[in-house]
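# Descriptive analysis of the structure
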Amino acid sequence: MAFTRGRRLKQLLDTKQIRLGGNTRLKIYGTMSCQSGKRMKPENRVFFSSEVEAISLGYRPCGHCMVQQYRRWKNSQHN
């Protein structure tokens, strides 16, 4: 099962159908190459095709790999 799931994930990444990854517990999304994202537990992972999708589901940008988007999000929380 893990082999099939991993293979399908690679296929979706290769065809650019998945562009971002997220953490379901923390509600944070970021790039697929983010070191913070790579450390998360597999059971907390979720994938998105776009930022719009992640934001619409209530996720916020990662402060490590998406610095500008995170700052905009942070500023909007205080206004």
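Anything mentioned here points back to the structure above.
As a starting point, this report considers the structure included with it. Remember, predicted model here, so these are calculated numbers, not experimental data.

### Some points on the overall build of the chain
Each helix and strand in the chain was counted, giving four helices and four strands. Walking the chain from its N terminus toward its C terminus, one meets helices and strands in the order α-β-β-α-β-α-β-α. Considering the chain as a whole, with its 79 residues, one finds that 22% of them fall into the buried category. When contacts within the chain are restricted to residue pairs at least 6 apart in sequence, long-range pairs at least 24 apart make up 50% of them. Surface accessibility of the chain: about 6,000 Å² in total, with carbon and sulfur atoms responsible for 53%.

### Looking at the layout of surface pockets
Estimated volume of the largest pocket: approximately 360 Å³. Forming the boundary of the largest pocket are 22 residues, of which C34, S36, G37, K38 and M40 lie nearest the centre. Among the secondary structure elements, those contributing two or more residues to the lining of the largest pocket are β1 (20-23), β2 (28-31), α2 (35-38) and β3 (45-48). Looking at side-chain class alone, the lining of the largest pocket contains nine nonpolar, nine polar and four charged residues.

### Observations concerning the environment of S50
Checked against the element boundaries, S50 lands in the loop between β3 and α3 (51-56). As a C-alpha pair, S50 and Q17 span 33 residues in sequence and 8.7 Å in three-dimensional space.

### Some thoughts on the side chain of N23
Tracing the chain through its elements places N23 in strand β1. Overall, N23 belongs to the buried group, its relative accessible area being 9%. At a separation of 2.9 Å, a polar atom in the side chain of N23 contacts the main-chain amide nitrogen of R25. In contact with N23, not counting residues within four places along its chain, are I28, M40, N44, V46 and Y59.

The rules behind each value
- Residues numbered from 1 in each chain as written.
- Predicted model: local features only at pLDDT ≥ 70, side-chain atom pairs only at ≥ 80, totals over all residues.
- Heavy atoms only, no water.
- Helix = DSSP H or I, 4+ residues; strand = E, 2+ residues; numbered from the N terminus.
- Buried < 20%, exposed > 50% of the residue type's maximum accessible area, 1.4 Å probe, protein only.
- Contact = heavy atoms within 4.5 Å.
- Areas by Shrake-Rupley, 256 points an atom, 1.4 Å probe, with all protein chains shown as cover.
- 1 Å grid on protein atoms, 1.4 Å probe; cavity = no way out; pocket = protein on both sides within 12 Å on 5 of 7 lines; lining within 4 Å.
- Points joined across faces, edges and corners; volume = space filled by probe spheres on them.
- Nonpolar A, V, L, I, M, F, W, Y, C, P; charged D, E, K, R; others polar.
- Polar contact = N/O pair within 3.5 Å; in protein donor to acceptor, adjacent residues only side chain to side chain.

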